[in-house]
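Breakdown of the fold
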Amino acid sequence: MSRVILQPTGNKDAREHYVDTLVRPVDILRIKPFVSSEEYNYLKDMYPDGLVPTWGVTPGVNNVNANKWSKIQPADVTFFSANKILYSYGFVTFKIQNKQLAQNLWGFNIKGETWEYIYFLDEIREHDIQISLFNKVVDYAENYKVQGFAVLDEDKSESVLSYFGLHSETVIQPVSEVEYQNIIENFDWKDLDTEGKSKSRAEQGFLRTTLFRNKTTSNCGICGKEYPISFLVAAHIKKRSLCSKEEKLDFKNIIMPMCKFGCDDLFEKGYITILNGTVKSNGKTSTEALENYLNSIVGKKCDYWNESTVNYFEWHRHHHSLSKVR
Ligand SMILES: [Zn+2]
């Protein structure tokens, strides 16, 4: 699950870095000479505009920061703070230890260290959260002050993320196939408590990684248009709640990307079905605007229709073949 990172920026170095490499993100071409081609390609997929908000921490005394940094994962949330205010947050996309890059970006501090434990961010947003409210949410003493770089434990992180409703639209938390299987086989979905929500996000995260990998844009499987993945859902072809465990584990075939601009809802509500690989209208329309949208997608070829998925599409077609559309 995602963790919360606290990053105070009270001192001069931190204030400067905040402006120099976050407010003004680093040009990917400046990073390129210092990283492997694999790392470079990963960043290029993640930042199609080539602008990379970058942060780093020094190793710290006895590697105290390095050890905290080692816990950071994609989709963690960093809060920047100063003067008793958490004034912005962003989602972690990727991290690398890289002394040369850190030197190039920020030089050295007075102890001769550089900020070589680097992590990259996205979806940075400003806000004003009083530290007193934050302390209440994580159950800290009222006068607690963020002293240094910190990575909160899972419980405290979950309290913060659910209180403020923070979950990345783009970065996907790494979930392995084994973890996914474990969730599908052992978890009772009636429990929509904190653990349930976190498992449900992990399931979605896994399915989204399966579909999108580390790309930030992809094509809707119905209308074919390309959108940022925050506008695409990993939709079950056969309704998820009616899938058997075996069908849920057939994740390579049971899901496809659908856009939030209409295709996902129209498919879910049965206004459209897929017959022999082609989008068909179910014949139920009610307004001109809806009819116009349907006309724009009916007849399109669905690239996800094949012999491994046809049964799921047929299930969907039969499920909506009676006059169930409202
Ligand atoms: Zn679409």
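Everything that follows concerns the structure shown earlier in this document.
Here's what I pulled together on the structure shown here. (Residues numbered from 1 in each chain as written. Predicted model: local features only at pLDDT ≥ 70, side-chain atom pairs only at ≥ 80, totals over all residues. Heavy atoms only, no water.)

1. Points about the coordination of the zinc ion
Within the protein, Cys 220 (SG), Cys 223 (SG), Cys 259 (SG) and Cys 263 (SG) serve as the donor atoms for the zinc ion, at 2.3 to 2.4 Å. Considering all four donor atoms around the zinc ion, angles at the metal cover 103 to 120° and the coordination shape is tetrahedral. One chain supplies every donor for the zinc ion, spaced along it as C-x2-C-x35-C-x3-C. The pair Cys 259 / Cys 263 is uniform in exposure class, with both members buried. (Donors = N, O, S within 2.8 Å, 3.2 Å for Na, K, Ca; no water. Tetrahedral: all angles 85-135°; square planar, octahedral: opposite > 155°, others 65-115°. Buried < 20%, exposed > 50% of the residue type's maximum accessible area, 1.4 Å probe, protein only.)

2. A word on the pairing of strand 4 (residues 54-57)
The two faces of a sheet get side chains in turn, since along a regular strand they alternate between them. Here strand 4 shows no split at all, with Thr 54 and Gly 56 on one side and Trp 55 and Val 57 on the other all buried. Pairing of strand 4 with strand 7 (residues 117-130) involves four bridges; the strand directions are antiparallel. Residue Thr 54 lies in a different strand from strand 7, and its bridge partner there is Phe 120. (Helix = DSSP H or I, 4+ residues; strand = E, 2+ residues; numbered from the N terminus. Pairing = 2+ DSSP bridges.)

3. Examining the environment of Ser 176
Its location among the elements puts Ser 176 in the loop between helix 7 (154-164) and helix 8 (177-186). For Ser 176, a relative accessible area of 33% translates into the label partly exposed. In sequence terms Ser 176 and Gly 205 are 29 residues apart; their C-alpha atoms lie 9.8 Å from each other.

4. Here we look at the pattern of salt bridges
All told, the structure shown has 10 salt bridges when counted by the stated rule. Where Lys 239 meets Glu 268, a salt bridge forms, and the shortest distance between an N and an O atom there is 3.2 Å. Of this pair, Lys 239 sits in the loop between strand 11 (232-236) and helix 10 (245-249) while Glu 268 sits in helix 12 (residues 263-268); the two residues are 29 residues apart in sequence, bridging distant segments of the chain. We classify Lys 239 as partly exposed; its relative accessible area is 33%. Notably, a salt bridge pairs Lys 301 with Asp 303, separated by 3.5 Å at the nearest N-O pair. For the pair Lys 301 and Asp 303, one class covers both residues: exposed. (Salt bridge = Lys/Arg side-chain N within 4 Å of Asp/Glu carboxyl O.)

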